[in-house]
Amino acid sequence: MTNDDPILQTITPSTHDLGGFKVHRTLPSRPRTMVGPFIFFDQMGPARLEVGTGIDVRPHPHINLATVTYLFAGALGHRDSIGSDVVIEPGAVNLMTAGHGIVHSERSPSAERAVGPELSGIQTWLALPEADEERDPAFEHVSKADLPTVDASNARARVVMGSLWGQSAPTSTYASTIYADIVLDAGGAVPIDAEADERAIYIAIGEATLDGMTLEPMTLYVLKPGVAATLRSATGARAMLCGGEAFTTPRHVWWNFVSSNRDRIEEAKRAWTTGEFPKVPGDDKEWIPIPGVPKTVSYP
């Protein structure tokens, strides 16, 4: 790395085999916890599951964060404790704001199970500003048709959150946030602007370079502040650009809980084990136990 390089930090993933598909996690990590409001960054798949099987993420709780689900392929059914029941498909975005507490599940729809579910996409969490951490839970689905797209040189980008390249997504934000899905054809290029406090590029599929520097797949590259660059691919790639305003106070992460207050996380642990979180209508027969608690504990 030299002073001319646009890259500040490189974060390699930890990979988890969840049985039938893998998850590659780059945030949070030892080198870095956040990029703008992004505090969790997972790539799911790509994978094709066997016919008759599916993804079954049982009901589990969140506090003081917002989850963002974005798919490249496949479909997932989302249900939560405020009554949302939505199937997300590629190119749309699900934004679930946990606030003071929400419970949700994610499962493959029956139509997907019948043909063997495909899964490929990105799931992220956004830390909420302290003033919004305890807000009421909310859910928002923005369709593919409602997310603006931008054409560049043999490339296309969909603005998922925030404003980029002169286009703004209708997706709600709490802190200043940028998030985009970039598809590069062979020989494609797209400019990466310098406005956000913190930015990172993640190559999900294929190969790419940033101002001539080779970027490895499934790796998060944090960019230097104030430095513009150009993302290119000789053979084709798919990348995510994420970031936004830098948080001035730290966030703590434990299991599915994020908060600026460690005591708030301890309270959430207690509330989940004692059944005080709300249930998910139509999906309340099973749940994910809190880590480290004996199975004899009575759950919600």
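Scroll up to find the structure this text is about.
Computed from a predicted structure; not experimentally measured.

Undergrad: How should I be thinking about the overall build of the chain in this particular structure?
TA: When helices and strands are tallied, the chain shows two helices and 24 strands. Taking 2.2 N^0.38 as the reference for a compact globule, 300 residues should give roughly 19 Å; the C-alpha atoms of the chain span a radius of gyration of 19 Å, in line with that estimate. Once the C-alpha set of the chain is aligned to its principal axes, its extents read approximately 55 × 45 × 30 Å. Taking all 300 residues of the chain together, 55% fall into the buried category. Total accessible area on the chain stands at roughly 12,700 Å², and carbon and sulfur atoms take up 49% of it. For the chain, the distance from the average site of its 25 positive side-chain charges to the average site of its 37 negative ones is 5 Å.

Undergrad: Quick question: what am I supposed to make of the packing of aromatic side chains here?
TA: Under the criterion given, the structure shown has nine aromatic pairs. With a centroid separation of 4.0 Å and an interplanar angle of 15 degrees, the aromatic rings of F40 and W125 are classed as stacked. Linking F40 in strand β4 (residues 38-48) with W125 in strand β11 (residues 118-127), this pair joins segments that are 85 residues apart in sequence. Comparing F40 with W125, the two get one shared label, buried. Sitting above the plane of the W254 ring, K269 keeps its charged end 4.1 Å from the centroid.

Undergrad: Looking at this structure, I do not really get the sheet that holds strand β3 (residues 22-27). What am I missing?
TA: Think of a sheet as strands paired side by side through backbone hydrogen bonds, with each pair either parallel or antiparallel. In spatial order, the strands read β2-β3-β4-β11-β6-β9-β12; together these seven strands make up an open sheet with antiparallel pairing. Either end of the sheet is taken by a strand with one partner, and the two such strands are β2 (14-17) and β12 (138-142). Neighbouring strand axes in the sheet, compared pairwise and without regard to direction, differ in orientation by 15 degrees on average. Bridge analysis of β3 against β4 gives four bridges, and the strand direction is antiparallel. By the bridge assignment for β4, V23 is matched with M44.

Undergrad: I'm lost on the sheet that holds strand β8 (residues 85-88) in this one. Help?
TA: Taken in spatial order, the four strands of this open sheet run β5-β10-β7-β8, and their pairing is antiparallel. Each having just a single partner strand, β5 (56-62) and β8 make up the two edges of the open sheet. When strand polarity is set aside, the average angle formed by the axes of neighbouring strands in this sheet is 20 degrees. By the bridge criterion, four bridges tie strand β7 (residues 76-80) to strand β10 (residues 102-107) in an arrangement that is antiparallel. What sits directly across from G77, in β10, is R107.

Cut-offs used in this document
- Residues numbered from 1 in each chain as written.
- Predicted model: local features only at pLDDT ≥ 70, side-chain atom pairs only at ≥ 80, totals over all residues.
- Heavy atoms only, no water.
- Helix = DSSP H or I, 4+ residues; strand = E, 2+ residues; numbered from the N terminus.
- Rg over C-alpha atoms; globule rule 2.2 N^0.38 Å.
- Buried < 20%, exposed > 50% of the residue type's maximum accessible area, 1.4 Å probe, protein only.
- Areas by Shrake-Rupley, 256 points an atom, 1.4 Å probe, with all protein chains shown as cover.
- Lys, Arg positive; Asp, Glu negative; His and termini not counted.
- Charge placed at Lys NZ, Arg CZ, Asp CG, Glu CD.
- Phe/Tyr/Trp six-rings, centres within 6.5 Å; stacked < 30°, edge-to-face > 60°.
- Lys NZ or Arg CZ within 6 Å of the ring centre and 35° of its normal.
- Pairing = 2+ DSSP bridges.
- Axes fitted to C-alpha atoms, helices over the stretch in contact; angles between N-to-C directions.

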